[in-house]
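# Structure at a glance
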Amino acid sequence: MTALQPRPATAGRLTATRPPCILVVDDDDTLRAVLARELRRRGFEVHSTGSGAEAVELYRRLGGRINVALLDVNMPGMTGPDVLADLGRIDPFVRCCFMTADVRPETRSALRKAGGREVLAKPFASLAEVCETLKRLADGPHDDGRETVGG
């Protein structure tokens, strides 16, 4: 293909050239390792860390490679919403999925208002559901998503 030829319609889609890239952030070492292993097994590229500060630095280094940040809500130091706020200063269009054991409606609402596109309940109903959610978010439009997320 030359520079003058039109690009294929899928050329701009990240998933057309590489697997979706997920940043997993959770202070629980076992859960983080299981998630990373299972996501990789299902075709995702995964980067993981156990702290918010490390997540922000990793996101800064990897730049546009991360399609979705999967953030635990309750972590020592920086909480998931704190991490998302810092990621948003790096990339205002960051896509985030929170995971938490606190699935009360008011918690879900607050996490969505903080910028989370999805909120997954821990423990997870199934890893297949987690993968489907992350794949959908990774393939979705790269906008802020805050106005279109329902309750």
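Where helix 2 (residues 29–41) meets helix 6 (residues 127–139), the axes come as close as 11 Å, and the angle between the chain directions of the two elements is 70°. One way to sum up the angle between helix 2 and helix 6 is to call them roughly perpendicular. The hand of the helix 2/helix 6 crossing is right-handed. Residues L35, E38 and L39 of helix 2 pack against L127, V130, C131 and L134 of helix 6. When the residues that make up the contact of helix 2 with helix 6 are grouped by side-chain class, the tally is six nonpolar, no polar and one charged.

A word on the confidence of the model for the chain. In the predicted model, the chain carries a mean pLDDT of 86, and the fraction of residues at 70 or more is 82%. Residue range residues 1–15 is modelled with pLDDT below 50. Its contacts to residues more than four positions away, or to other chains, number ten contacts. Considering only residues more than four positions removed or in separate chains, one finds that residues 144–151, a stretch of pLDDT under 50, has ten contacts.

A few words now on helix 5 (residues 105–113). Those residues of helix 5 lying buried are T107, L111 and R112. Within helix 5, the buried residues cover an arc of 135° as seen down the axis, which keeps them to one side. The exposed set on the far side of helix 5, more than 90 degrees from its buried face, consists of P105 and K113. Among the structural elements, helix 4 (80–90), strand 4 (96–100) and strand 5 (118–121) are those in contact with the buried residues of helix 5.

Here I66 is to be found in the loop between helix 3 (52–62) and strand 3 (68–72). We classify I66 as buried; its relative accessible area is 5%. Expressed as a C-alpha distance, the spacing of I66 and E45, which sit 21 residues apart in the sequence, is 9.0 Å. Among all residues touching I66, those that are not within four sequence positions of it are C21, L23, H47 and Y59.

Counting buried positions along strand 4 yields five of five residues, so the element is predominantly enclosed. Residues C96, F98 and T100 line one face of strand 4 and the alternating positions C97 and M99 line the opposite face, and both faces are buried. Sheet topology places strand 3 next to strand 4; four bridges connect them, and they run parallel. Following the sheet pairing, D72 is matched in strand 4 by M99.

Enumeration according to the criterion identifies zero disulfides in this entry. As a non-bridged cysteine, C96 has C97 as the owner of its nearest cysteine sulfur, 6.8 Å distant. Given a relative accessible area of 0%, C96 falls into the buried group.

When you line up the elements, E118 lands in strand 5. Polar contacts involving the side chain of E118 include one to the side chain of R136, which spans 3.1 Å.

The omega torsion across K122 and P123 is 0°, close enough to zero to call that bond cis. Its place among the elements puts P123 in the loop between strand 5 and helix 6.

Moving on to the nonpolar core. If you look at the biggest cluster of nonpolar residues, it comprises 22 residues, and the most contacted ones within it are L23, L71, V83, L87 and F98. Those elements that provide at least two residues to this core are strand 1 (21–25), helix 3, strand 3, helix 4 and strand 4. Ranked by the residues each element gives to this core, the list is headed by helix 3, at five residues. Excluding residues within four positions of it along the chain, L23 makes contact with H47, A55, L58, Y59, I66, V68, A69 and L70.

Parameters at a glance
- Residues numbered from 1 in each chain as written.
- Predicted model: local features only at pLDDT ≥ 70, side-chain atom pairs only at ≥ 80, totals over all residues.
- Heavy atoms only, no water.
- Axes fitted to C-alpha atoms, helices over the stretch in contact; angles between N-to-C directions.
- Helix = DSSP H or I, 4+ residues; strand = E, 2+ residues; numbered from the N terminus.
- Parallel < 35°, antiparallel > 145°, perpendicular 65-115°, else oblique.
- Left-handed = near helix turned anticlockwise from the far one by under 90°.
- Contact = heavy atoms within 4.5 Å.
- Nonpolar A, V, L, I, M, F, W, Y, C, P; charged D, E, K, R; others polar.
- pLDDT = per-residue confidence, 0-100.
- Buried < 20%, exposed > 50% of the residue type's maximum accessible area, 1.4 Å probe, protein only.
- Arc of directions from axis to C-beta.
- Pairing = 2+ DSSP bridges.
- Disulfide = S-S within 2.5 Å.
- Polar contact = N/O pair within 3.5 Å; in protein donor to acceptor, adjacent residues only side chain to side chain.
- Core = buried A, V, L, I, M, F, W, Y, C linked by side-chain atoms within 4.5 Å.

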